[in-house]
Amino acid sequence: MYGALEAGGTKCVCAMFDNEGQIIERVSIPTETPDISVPKMIAFFKKYPEMKALGIGSFGPLGDNEELSSYGYITTTPKKGWNNYNFLGAFKAEFDVPMAWTTDVNAAAYGEMKQGAAKGLDNVIYLTVGTGVGGGVVVDGHVVSGYGHPETGHMLVRRHPEDQYEGKCPYHGDCLEGMAAGPAIEERWGQKAFELGEDHQAWEMEAYYIAQGLYNYYTVLGCERFILGGGVMKQRQLFPLIRENFKRFNNGYLETPELEGFIVPPALEDDAGITGCYELARELLS
């Protein structure tokens, strides 16, 4: 059996998978403070002494470089109570099994590559646009990690010519997350994303920023597919607008795949992260 844990800023999903990849049990635990939430997660996995490996994908920023003292920690998160919390250490103290540790979006990218919209590909970027903007990157079949993990939401972007909004990011103001995440949409337009009509001008502006981010990633990594998930991307009218803007930014410079199959929604939808955690756990024993 394989354990999978997707820790998000709102909820933590714990699941146990059998050797065929079928979910035996799955629970959702609200992300409160570590002293409230973590014991509940540990109690879930304690029910399965047969667990042979555990894959964890967590919100961040987090330490994923084993050479640094921050490895296993959630680091500079604004999430109350989780700043500099040794998340991985809490589980290693309770379970003597191999553990995979990465970001929740890296796990989602890996899940989509193994079982979803990027199955059969080796170079994939998964971008989530919701409360924040985050990205998971898989290159040559492996999640990317160097000195730190990718922080794709904090890429600096050009301002839309008609946009006077100052930006929502507390660190950078008008980075991609500051201009395109759900809270920025709500503050700029006075309504949540799902409350805006499909023809609202917000979507052209949103597509401009997201496409700009994708084009920047593409010029660096030349990935085979972009998968766009998260609450904001449930507004499916965004996809053709993003493709149009991506084409405009490229301006005929780089060869790209056919855009309808290149910039796509997640096939696994909200299960991408937990599926990726399972796949990472399974890989530890392969």
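Read on for a plain summary of the structure. The residue numbers shown here count from 1 along each chain, following its written sequence. Totals for whole chains, interfaces and linings use every residue, but because this is a predicted model, local features are given only for residues with pLDDT of at least 70 and side-chain atom pairs only at 80 or more, for both listing and counting. By convention in this description, side-chain values take in all heavy atoms of the structure and omit both hydrogens and water.

1. Notes on the sheet that holds strand 2 (residues 11–17)
Here is step 1 of the chain: Strand pairing is assigned whenever DSSP identifies at least 2 bridges connecting the two strands. Strands are runs of DSSP state E lasting at least 2 residues, helices are runs of H or I lasting at least 4, and numbering of each runs from the N terminus. In space, the five strands of this open sheet follow the order 3-2-1-4-7, with mixed pairing throughout. In this open sheet, the two edge strands, each paired with only one partner strand, are strand 3 (23–30) and strand 7 (99–103). Averaged over neighbouring strand pairs, the angle between their axes works out to 10° when direction is ignored.
Here is step 2 of the chain: Pairing of strand 4 (residues 53–58) with strand 7 involves five bridges; the strand directions are parallel. When the sheet's bridge partners are listed, G55 is paired in strand 7 with A100. Structural elements are reduced to axes, namely lines fitted to C-alpha atoms, with helices fitted over the stretch in contact, and the angle between N-to-C directions of any two is expressed from 0 to 180 degrees.

2. Here we look at the pairing of strand 3
If a strand is regular, its side chains alternate between the two faces of the sheet.
Here is step 1 of the chain: In this structure, strand 2 lies alongside strand 3, joined through seven bridges in antiparallel fashion. Residue pairing for strand 3: F17 is matched across the bridge by I23.
Here is step 2 of the chain: Once strand 2 ends, the chain turns through five residues before running back antiparallel as strand 3, passing G21 with a positive phi of about 85°.

3. Details of the packing of helix 3 (residues 104–115) against helix 8 (residues 272–284)
For any two helices packed against each other, the geometry comes down to the angle between their axes and how far apart the axes lie.
Here is step 1 of the chain: Contact geometry for helix 3 and helix 8: axes closest at 6 Å, N-to-C directions at 80°. Overall, the two elements helix 3 and helix 8 adopt an arrangement that is roughly perpendicular. For the pair helix 3 and helix 8, contact is made by D104, A107, A108, Y110, G111, E112, K114 and Q115 and by A272, G273, T275, G276, C277, Y278, E279, L280 and E283, respectively.
Here is step 2 of the chain: Side-chain classes follow a simple rule in which Ala, Val, Leu, Ile, Met, Phe, Trp, Tyr, Cys and Pro form the nonpolar group, Asp, Glu, Lys and Arg form the charged group, and the remainder, Gly included, forms the polar group. Class assignment of the residues belonging to the contact of helix 3 with helix 8 gives a composition of seven nonpolar, five polar and five charged. Angles below 35 degrees are treated as roughly parallel, those above 145 as roughly antiparallel, those between 65 and 115 as roughly perpendicular, and all remaining angles as oblique. By definition in these notes, contact holds between two residues if any of their heavy atoms fall within 4.5 Å.

None of the figures reported here should be taken as evidence of function without further support.
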